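Chain and residue survey
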Amino acid sequence: MCNSQSIYIHIPFCLRKCAYCDFYSETRLSLISDYLKALEQEIDLRAQLCGSSALPSHGPAPIIDTVYLGGGTPSLLGVTQIGQVLQTVRDNFRVSPDAEITVEINPGTVDSDYLTGLKGTGVNRLSIGAQSFDDAKLAFLNRIHTADEALKTIDRAETAGFENISLDLIYGVPGETRAAWIKDLEKALDRKPSHISAYMLTLEPGTPLADQVKQGDFIPFGNDMMSLLFKMTSRYLTQNGFEHYEISNFARGGANRSRHNSRYWDLTSYLGFGPGAHSYDGAVRSWNHRSIDGYITDLSSGRLPVADQETLTLEQKMAEFIMLRLRTLEGLDLDKFQDRFQLQFEKKFEIILSRILGEDLGSIENGRFFLNLEGRTFLNGIVETFSAEIL
Ligand code: SF4
């Protein structure tokens, strides 16, 4: 993990659970201060394990150039607390002066003073969980905020001086019409965000929404409608100046892509802190306990809160690399594949490739294999086909 250039920090607190969410989060906000102590210990401990080369006064060492505070709801922490977390990172790792530092913000949890204060801590990118600008849709999703609060949060973030703002939106909510979804996108574009993440609603087992479906309260959209909405989203945002650079992500120009998430799609190493957080060093993936209580107990005894780890086989890495790269606009670089796996991609997957190319779902151009928009609607099936060939 010591070769990582990216750090993810999980802030596992939420005011209440959204109906579709299966992320690990806690509503016991009274644990925040104990949690932050434990988090500081984890950052400290991992930096020590990486040796002195991770420290700012020593070098050379990989320079951290992305830090991402996700959740949960990181904006439930005070500005001083976020500043302290970032300072702990800077005290323990070499952080580039122009690192991308992102914090996820939930509308309804922040005001103008908060956002101005946040800017002062060095945070330079906000990911605002607007999800929709339709009150009925927000209520259905059990979000804590209204459409008006989401819009005001974006305006306040701009006034506070944030230029790099990403909006999270969800589509495919039962009963949602195509016109209603386009209206959501229009309202998002009115605010001129630099980045949009548009997620298809998925029904994760054990969530209230999945239970409602089981009880017959509503019927979710099928694949056809979801594919239609996906393609519509891509075309609409592309026509409005965004590049569809990853299956759910759109940037207003290459400079506005999420540098942090792009690392994941490249299968490069990263360090994750907090309950449930994963770390990867290019060979071993490890993950922390999901429970905040177990996390705090381990760290208070000086132990890393690791639940388990696995060493990825070459085949697993290959399957993951293909899965991640096919999510992206650029797709898979054939030379990079050969360097990583000592295999010629076109030879190894000749039959699968001829089917994909024959059905006009993708192309090979300029040394890259990528799926087109139609192909990306079949992403899961295509990835499964590659995996079945490898594993
Ligand atoms: S705010 Fe985010 S992490 Fe918290 S419950 Fe809602 S979707 Fe899940």
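About the criteria used
Residues numbered from 1 in each chain as written. Predicted model: local features only at pLDDT ≥ 70, side-chain atom pairs only at ≥ 80, totals over all residues. Heavy atoms only, no water. Salt bridge = Lys/Arg side-chain N within 4 Å of Asp/Glu carboxyl O. Buried < 20%, exposed > 50% of the residue type's maximum accessible area, 1.4 Å probe, protein only. Helix = DSSP H or I, 4+ residues; strand = E, 2+ residues; numbered from the N terminus. Near = heavy atom within 4 Å. Nonpolar A, V, L, I, M, F, W, Y, C, P; charged D, E, K, R; others polar. Axes fitted to C-alpha atoms, helices over the stretch in contact; angles between N-to-C directions. Parallel < 35°, antiparallel > 145°, perpendicular 65-115°, else oblique. Left-handed = near helix turned anticlockwise from the far one by under 90°. Contact = heavy atoms within 4.5 Å. Pairing = 2+ DSSP bridges. Polar contact = N/O pair within 3.5 Å; in protein donor to acceptor, adjacent residues only side chain to side chain.

**Details of the pattern of salt bridges**
For the coordinates displayed, the defined rule picks out 19 salt bridges. For E26, the salt bridge goes to R28, with nearest N and O atoms at 2.9 Å. Relative accessible area serves as the criterion here: at 11%, E26 is assigned to the buried category. Residue class for R28 comes out partly exposed when judged on its relative accessible area of 36%. Among the ionic pairs, D155 bridges to R191, the shortest N-O distance being 2.9 Å. Note that D155 is positioned in helix α5 (residues 147-159) and R191 in the loop between α6 (178-190) and β6 (195-200), a separation of 36 residues in sequence. By relative accessible area, which is 29% here, D155 ends up partly exposed. Judged by relative accessible area, which is 23%, R191 ranks as partly exposed.

**Here we look at the site of the ligand**
The environment of the ligand is made up of C14, R16, K17, C18, Y20, C21, G71, G72, T73, N106 and R143. A breakdown of the residues in the shell around the ligand according to their chemical character gives four nonpolar, four polar and three charged.

**A closer look at the packing of α6 against helix α8 (residues 223-239)**
For the pair α6 and α8, the least separation of the axes is 11 Å and the interaxial angle reads 30 degrees. One way to sum up the angle between α6 and α8 is to call them roughly parallel. In the packing of α6 onto α8, the handedness of the crossing is right-handed. Along its contact with α6, which presents R178, W181, I182, L185, E186 and L189, the element α8 presents M225, L228, L229, M232, T233, Y236 and L237. Classifying every residue of the contact of α6 with α8 by side-chain character gives 10 nonpolar, one polar and two charged.

**Side note on the pairing of strand β5 (residues 165-171)**
Of all seven residues that make up β5, seven are buried, and the element is covered over most of its length. The alternating pattern of β5 places I165, L167, L169 and Y171 on one face and S166, D168 and I170 on the opposite face, and all of these are buried. Relative to β6, β5 is paired through six bridges, and the arrangement is parallel. Residue L167 lies in a different strand from β6, and its bridge partner there is I196.

**Notes on the side chain of D184**
In this structure, D184 sits in helix α6. For D184, a relative accessible area of 3% gives the class buried. Within the local environment of D184, its side chain forms a polar contact with the side chain of S132, the two groups lying 2.8 Å apart. With sequence-adjacent residues up to four places away left out, D184 is seen in contact with Q131, S132, F133, D134, K137 and E176.

**So, the environment of D339**
Note that D339 resides in helix α12 (residues 334-341). Separated by 34 residues in sequence, D339 and P305 place their C-alpha atoms 35 Å apart.

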